[in-house]
Amino acid sequence: MPLHAGDRLPDATFRTLTPDGVKTLTTADVFAGRKIVLFAVPAAFSPTCSKTHLPGYVSHHDAIKAGGVDEIVCVSANDVWVLDAWAREHGAVGKVLMLSDGNLEFTRAAGMELDATVVGEGFRSQRYAAQVDDGVVTEIKVDEKPWLAEASSATSICHL
């Protein structure tokens, strides 16, 4: 069953690339005791993800943080190297924490899996965004059409 407001995020592990190499983080490491804006993308470097979704969070970073958010987090099935290159290309380094969910451990446990096999892309994450407070979803918006980033945009989920 997909995530809803009031749900606690599932326990999972993610990977991120740091200056010291690949680091594994748990759901608790990222979300416990913190206010997070979480957004998920089907694929880094895809047109919608690169033209509107990630850039919206980068351009609104300061306003989002000024609203009391501790961190902006992006989850994707891509590997850490792809996510790092994508972050660098879009000026997201230091603004958006990129978390690789390469095995879809988090995505499946959250009920947010997208079957993109019909277009040859395998299984991915749905495009969504959520406000998360201490690991509990307080608001979530899912795009019905994964090729659009409307409901899950920074301006929508952060009410900018």
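To be clear, the structure that these remarks concern was listed above.
All figures in this text were calculated on a predicted structure; none of them were measured in a lab. What you see as residue numbers is a count from 1 along each chain, following the sequence as written. Thresholds applied to this predicted model are a pLDDT of at least 70 for local features of residues and 80 or more for the giving and counting of side-chain atom pairs; totals over whole chains, interfaces and linings are not thresholded and use all residues. The side-chain quantities take in all heavy atoms of the structure and omit both hydrogens and water.

A. Representation of the overall build of the protein. When helices and strands are tallied, the protein shows 6 helices and 9 strands. The dimensions of the protein, computed from C-alpha atoms along their principal axes, are 40 × 35 × 30 Å. With 160 residues in all, the protein has 48% of them scored as buried. The criterion used for residue contact is that any of the two residues' heavy atoms lie within 4.5 Å. Intrachain contacts of the protein at a sequence separation of at least 6 include 62% that bridge at least 24 residues. A run of H or I in DSSP counts as a helix once it spans at least four residues, and a run of E counts as a strand once it spans at least two, with each numbered from the N terminus. The rule is simple: take the accessible area with a 1.4 Å probe, protein chains only, and divide by the maximum for that residue type; under 20% is buried, over 50% is exposed, in between is partly exposed.

B. The arrangement of the packing of aromatic side chains in detail. Think of it this way: a Phe, Tyr or Trp ring, Trp meaning its six-membered ring, pairs with another when their centres are within 6.5 Å, and the plane angle makes it stacked under 30 degrees, edge-to-face over 60, tilted otherwise. By the definition in use, this model includes 2 aromatic pairs. Here the aromatic rings of F14 and F106 are separated by 5.1 Å at their centres, their planes lie at 55°, and the arrangement is tilted. Here F14 is found in strand β1 (residues 13-18), whereas its partner F106 is found in helix α5 (residues 105-109), with 92 residues between them in sequence. By relative accessible area, which is 0% here, F106 ends up buried. Seen in terms of ring centroids, F39 and Y57 are 3.9 Å apart; in terms of plane orientation they differ by 0°. Their pairing is stacked. A residue pair is termed long-range when its members are at least 10 positions apart, and F39 in strand β3 (residues 35-40) and Y57 in helix α2 (residues 47-59) qualify at 18 residues. Accessibility expressed as a relative area gives 0% for Y57, which makes it buried. In this scheme, Lys NZ or Arg CZ marks a charge over a ring once it lies within 6 Å of the ring centre and within 35 degrees of the ring normal. Between R108 and the ring centre of F123, over which it is positioned, the NZ or CZ distance is 5.9 Å.

C. Highlighting the pairing of strand β2 (residues 21-26). For two strands to be treated as a pair, DSSP must find no fewer than two bridges joining them. Both β1 and β2 contribute to a ladder of 6 bridges, which runs antiparallel. Opposite F14, over in β2, you have L25 as the bridge partner. Adjacent in sequence and paired antiparallel, β1 and β2 are bridged by 2 residues.

D. Layout of the layout of surface pockets. The calculated volume of the largest pocket comes to roughly 360 Å³. If you trace the largest pocket, you find 20 residues lining it, with L17, G94, V96, L97 and M98 closest to the centre. Those elements that place two or more of their residues in the lining of the largest pocket are β1, α3 (61-66), β4 (71-76), α4 (80-89) and β5 (96-100). The element best represented in the lining of the largest pocket is α4, accounting for 5 residues. Note that Gly is not counted as nonpolar here; it falls among the polar residues with everything else outside the nonpolar set of Ala, Val, Leu, Ile, Met, Phe, Trp, Tyr, Cys and Pro and the charged set of Asp, Glu, Lys and Arg. For the lining of the largest pocket, the per-class residue count stands at 10 nonpolar, 4 polar and 6 charged. Put simply, the second largest pocket is a space of about 310 Å³. A 1.4 Å probe that fits into a set of points on a 1 Å grid over the protein atoms alone but cannot get out defines a cavity; an open set with protein on both sides within 12 Å along at least five of seven lines defines a pocket, and lining residues are those with an atom within 4 Å of a point. In terms of lining residues, the second largest pocket is bounded by 16 residues, among which P42, L114, A116, V119 and P146 are the most central. Of all the elements in the fold, those that place two or more residues in the lining of the second largest pocket are α2 and β6 (113-115). Residues of the lining of the second largest pocket, tallied by class, amount to 10 nonpolar, 2 polar and 4 charged. Grid points are joined across faces, edges and corners, and a volume is the space filled by probe spheres set on the points.

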